[in-house]
Amino acid sequence: QVQLVESGGGLVQAGGSLRLSCAASGRTFSSYNMGWFRQAPGKEREFVAAITWSGASTYYQGSVKGRFTISRDNAKNTVYLQMNSLKPEDTAVYYCAASTVVALTARLSDYANWGQGTQVTVSS
């Protein structure tokens, strides 16, 4: 089991940037692939980005590709989501999650451990 705590959310104007962090407890963090998801009001939770346990491979949802960057620091037990060129439609609660599935995956059910979420609001 790994416990996850997100931080770094806030209010930003369109075109601005934010960096989200997800701190993990437990000595097995480096064995998990990690993902970021988001949920806007009235909508289902959706995949944003994922990264392999080593950081060697990443995977993005099409609407964030080129604007968002997922990375991790296994020495710090932390995964990051750098968000640039933010748009009002990026407004959501952002969650990090951990998966033991070998391949990178966008499926919510492949992620067994979730954080509590951090709010990102982008004003127009």
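What you see is a predicted model, and the numbers here were worked out from it, not measured in a lab. (Residues numbered from 1 in each chain as written. Predicted model: local features only at pLDDT ≥ 70, side-chain atom pairs only at ≥ 80, totals over all residues. Heavy atoms only, no water.)

## With respect to the pattern of salt bridges
Evaluation of the coordinates by the stated rule reveals four salt bridges. In this structure, Arg38 engages Glu46 in a salt bridge whose closest nitrogen and oxygen atoms are separated by 2.6 Å. A salt bridge links Arg67 to Asp90, with the shortest nitrogen-to-oxygen separation between them at 2.8 Å. Here Asp90 lies in the loop between strand E8 (78–83) and strand E9 (92–99) and Arg67 lies in the loop between strand E6 (58–60) and strand E7 (68–73), a separation of 23 residues in the sequence. Here Arg67 matches Asp90 in class, with each residue buried. Salt bridges linked by common partners bring Arg38, Glu46, Arg67 and Asp90 together as one network. (Salt bridge = Lys/Arg side-chain N within 4 Å of Asp/Glu carboxyl O. Helix = DSSP H or I, 4+ residues; strand = E, 2+ residues; numbered from the N terminus. Buried < 20%, exposed > 50% of the residue type's maximum accessible area, 1.4 Å probe, protein only.)

## Looking at the side chain of Thr52
With respect to the helices, strands and loops of the structure, Thr52 is situated in the loop between strand E5 (46–51) and E6. Residue Thr52 is classed as buried on the basis of its relative accessible area, which comes to 12%.

## Comments concerning the packing of aromatic side chains
Tallying each qualifying case throughout the model produces six aromatic pairs. When the centroid spacing of 4.9 Å and the interplanar angle of 55 degrees are considered together, the rings of Phe37 and Trp114 count as tilted. Placement of the pair is Phe37 in strand E4 (residues 33–39) and Trp114 in strand E10 (residues 113–114), with a sequence separation of 77 residues. Trp114 gets classed as partly exposed once you look at its relative accessible area, which sits at 27%. Site record: aromatic cluster; members linked through ring pairs are Phe37, Phe47, Tyr59, Tyr95, Tyr111 and Trp114. Across from the ring centre of Trp114, 5.0 Å away, lies the NZ or CZ of Arg45, which sits over that ring. One Lys or Arg, Arg72, reaches over the ring of Phe29 and ends 4.5 Å from the middle of that ring. (Phe/Tyr/Trp six-rings, centres within 6.5 Å; stacked < 30°, edge-to-face > 60°. Lys NZ or Arg CZ within 6 Å of the ring centre and 35° of its normal.)

## Regarding unusual backbone geometry
Even without being glycine, Asn77 reaches a positive phi, approximately 50 degrees. Following the sequence through the fold, Asn77 ends up in the loop between E7 and E8. The residue Ser85 is not glycine, and still its phi comes out positive at about 50 degrees. Within the fold, Ser85 resides in the loop between E8 and E9. Residue Ser85 is classed as partly exposed on the basis of its relative accessible area, which comes to 40%.

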